[in-house]
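Secondary and tertiary structure notes
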Amino acid sequence: MPVLEQTGTEEIHPDIALVERARAGDAEAFETLVRQYDRPIFRVAQHITQNREDAEDIVQDVFLKAYRKLEQFQGNSKFSTWLTRIAVNESLMRLRKRKTSRTVSMDQDVQTEEGSIPRDFADWTPDPEQQYNQSELGEILQKTIAGLSPGFRTVFTLRDIEHLSTEETANALGLSVPAVKSRLLRARLQLRERLSRYLKRKDGSIKP
Amino acid sequence: MTCTDFLATMTDYFDGETDAELLSEIRAHLDSCEHCEILVNTTRQTIQIYRDHQVYEFTAEVREHTISSIMHRCGLRKTA
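About the criteria used
Residues numbered from 1 in each chain as written. Chains lettered and ligands numbered in written order. Predicted model: local features only at pLDDT ≥ 70, side-chain atom pairs only at ≥ 80, totals over all residues. Helix = DSSP H or I, 4+ residues; strand = E, 2+ residues; numbered from the N terminus. Buried ≥ 20, exposed ≤ 12 C-beta atoms within 10 Å, placed from the backbone. Contact = placed C-beta atoms within 7 Å. Rg over C-alpha atoms; globule rule 2.2 N^0.38 Å. Axes fitted to C-alpha atoms, helices over the stretch in contact; angles between N-to-C directions. Parallel < 35°, antiparallel > 145°, perpendicular 65-115°, else oblique. Nonpolar A, V, L, I, M, F, W, Y, C, P; charged D, E, K, R; others polar. Domains from an automatic or database assignment.

Within chain A, the regular secondary structure consists of 9 helices and 0 strands. Reading chain A from its N end, one meets helices and strands in the order α-α-α-α-α-α-α-α-α. Across the 208 residues that make up chain A, the buried fraction comes to 40%. If you take every contact in chain A between residues at least 6 apart in sequence, the share linking residues at least 24 apart comes to 71%.

For the rest of this paragraph, the subject is the overall build of chain B. Of regular secondary structure, chain B possesses 4 helices and 0 strands. When its helices and strands are written in sequence order, chain B yields α-α-α-α. Here chain B has a C-alpha radius of gyration of 23 Å; the compact-globule value for 80 residues is 12 Å, and the former is much larger. In terms of overall dimensions, chain B has a C-alpha envelope of 65 × 25 × 15 Å along the principal axes. Taking all 80 residues of chain B together, 16% fall into the buried category.

Residues and elements named next belong to chain A. Even without being a glycine, glutamine 50 presents a positive backbone phi close to 60°. One can find glutamine 50 in the loop between helix 2 (27-49) and helix 3 (52-68). Even without being a glycine, histidine 163 presents a positive backbone phi close to 60°. Here histidine 163 lies in the loop between helix 7 (150-161) and helix 8 (166-173).

Once that is clear, we can look at the packing of helix 8 of chain A against helix 9 (residues 177-199) of chain A. Residues and elements named next belong to chain A. Their axes nearest at 9 Å, the elements helix 8 and helix 9 cross at an angle of 105°. When the interaxial angle is binned, helix 8 and helix 9 end up roughly perpendicular. Of the residues in helix 9, those in contact with Thr166, Glu167, Thr169 and Ala170 of helix 8 are Val177, Val180 and Lys181. Within the contact of helix 8 with helix 9, the residues separate by chemical class into 3 nonpolar, 2 polar and 2 charged.

Before going further, it helps to examine the domain arrangement of chain A. How big an interface is tends to be expressed through the accessible area that disappears when the partners come together. All names here are of chain A. Taken domain by domain, chain A comprises domain 1 (14-98) and domain 2 (105-208). Listed by partner, the interface residues are 14 residues for domain 1 and 14 residues for domain 2. When contributions to the side of domain 1 that touches domain 2 are tallied by element, the ones reaching two or more residues are helix 2 and helix 4 (79-98). Ranked by residue count, the leading element in the side of domain 1 that touches domain 2 is helix 4, at 6 residues.

Below, the structure written as structure tokens:
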């Protein structure tokens, strides 16, 4: 059994010890890892697939796959990043199954020019909760993010919602750092442009 | 700095990865360009609104069932 790398005096992430114990068959250690990361994995899967039931299934599949592949985890990246990579792949695979006639990948539709140049410069209402109730706002947000390509949606989710660093996102997605930065910019701009239709000041003014 | 120049640096600006010289150029541009100032504010609002308002329906009941199934499928718990 390979021993995970522990270099120099660097602080060892607590997950490393849990992974070692889980590899040795310690169920409690593995359950601790599951409870630590099931929610973020669910969020990532829900964002990519835009489907709650798929996301629930994906959480199971991700941890089953991770358990079977624990030997392959070398500790070169964080355990959470390694899990995220599995979750992204499982989610994209689920999308592919759903849309059998279309290819779904991280590269789909990223060549689009949409969002590259901002067009709407109206200021937004400072308090969207006053304009829409909770469920209306939830619907708007879901509809808006569902309109992005999976490649943009995934980068936005990992960087801006799950707070992964640019390097961690690149690692999880198998992309270069410049590719992550470029996709993140366009994902943010596309979302902003689309949300602007709902959240801009109705009087068209740009200053309060 | 033009608006196009600013756009090219916007991701690094948001992530606090610009050096002092570039940061002062960006600030000078934002002070003088209302469109880019609005672009920054509304993009920040975009990120924040998703962080604050996205609804995830992973209820406690579904979660416990999911964890139980995972442990069972991994052969680490006898009953699902």
